[in-house]
Amino acid sequence: MSVSPLAESVSPSKEYSVKVIPSTPGHGGPGTYRVSASGSVLWEKEFPYSFEEVWINDDGAFAGYGYTAGYEGFGGERDSYGDLVLAIIDRNVHNWETL
């Protein structure tokens, strides 16, 4: 099943972009992150969460937030979002901080 990108961001200089592709339609669980520079893919990696929103800066680092159960929660129940994930990831794919 194909799932549309959940979150996308372009840096202020327009050099970098990041796209988050969730593994499920409800956006819970892992997501694939694709970072590009000047239109060419720098790297693509799966992380154990899918950001709901993401922001990338002019050095290629990005930050975002999401819920482990997705924006609709477990089984579509809004009272069960799972854990909140806040993360900053640098352009070399090092996960700087996950809160």
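Because the structure is a prediction, the values reported are computed rather than measured. (Residues numbered from 1 in each chain as written. Predicted model: local features only at pLDDT ≥ 70, side-chain atom pairs only at ≥ 80, totals over all residues. Heavy atoms only, no water.)

With respect to the overall build of the protein
- Within the protein, the secondary structure is distributed over 0 helices and 8 strands.
- Beginning at the N terminus, the succession of helices and strands in the protein can be written as β-β-β-β-β-β-β-β.
- For the protein, with 99 residues in total, the buried portion stands at 37%.
- Look at the contacts in the protein between residues 6 or more apart in sequence, and 35% of them connect residues 24 or more apart.
- If you sum the accessible surface of the protein, you get close to 5500 Å²; carbon and sulfur atoms cover 50% of it. (Helix = DSSP H or I, 4+ residues; strand = E, 2+ residues; numbered from the N terminus. Buried < 20%, exposed > 50% of the residue type's maximum accessible area, 1.4 Å probe, protein only. Contact = heavy atoms within 4.5 Å. Areas by Shrake-Rupley, 256 points an atom, 1.4 Å probe, with all protein chains shown as cover.)

Points about the pattern of salt bridges
- Per the counting criterion, the structure on display carries 2 salt bridges.
- Glu8 serves as the salt-bridge partner of Lys19, at 4.0 Å between the closest nitrogen and oxygen. Placement of Lys19 in strand E2 (residues 16-22) and of Glu8 in strand E1 (residues 7-10) is noted, with a sequence separation of 11 residues between them.
- Note on Lys19: relative accessible area 26%, which makes it partly exposed.
- Notably, a salt bridge pairs Arg34 with Glu44, separated by 2.6 Å at the nearest N-O pair. Taken as a pair, Arg34 in strand E3 (residues 31-37) and Glu44 in strand E4 (residues 40-47) lie far apart in primary sequence, 10 residues in all.
- Given a relative accessible area of 47%, Glu44 falls into the partly exposed group. (Salt bridge = Lys/Arg side-chain N within 4 Å of Asp/Glu carboxyl O.)

Topic: the nonpolar core
- Grouped together as the largest cluster of nonpolar side chains are 17 residues, with contacts concentrated most on Tyr33, Trp43, Tyr49, Phe51, Val54 and Phe62.
- Taken together, the elements giving at least two residues each to this core come down to E2, E3, E4, strand E5 (53-56) and strand E7 (84-89).
- For Phe62, the residues in contact, after removing those within four places along its chain, are Val18, Tyr33, Val35, Trp43, Phe51, Val54, Trp55, Ile56, Ala87, Ile88 and Ile89. (Core = buried A, V, L, I, M, F, W, Y, C linked by side-chain atoms within 4.5 Å.)

Observations regarding the confidence of the model for the protein
- On average, the protein scores 83 in pLDDT, and the residues at 70 or more come to 79%.
- Put simply, strand E8 (residues 95-98) is where the protein has its lowest mean pLDDT, 56, and E5 is where it has its highest, 94. (pLDDT = per-residue confidence, 0-100.)

Structural notes on the packing of aromatic side chains
- Evaluation of the coordinates by the stated rule reveals 11 aromatic pairs.
- Ring centres of Trp43 and Phe62 lie 6.0 Å apart, and the angle between their planes is 25°; this geometry places the pair in the stacked category. Linking Trp43 in strand E4 with Phe62 in strand E6 (residues 62-67), this pair joins segments that are 19 residues apart in sequence.
- Between Tyr65 and Tyr67, the aromatic rings sit 6.3 Å apart at their centres with planes inclined by 85°, giving edge-to-face as the arrangement.
- Owing to a relative accessible area of 23%, Tyr65 belongs among the partly exposed residues under this scheme. (Phe/Tyr/Trp six-rings, centres within 6.5 Å; stacked < 30°, edge-to-face > 60°.)

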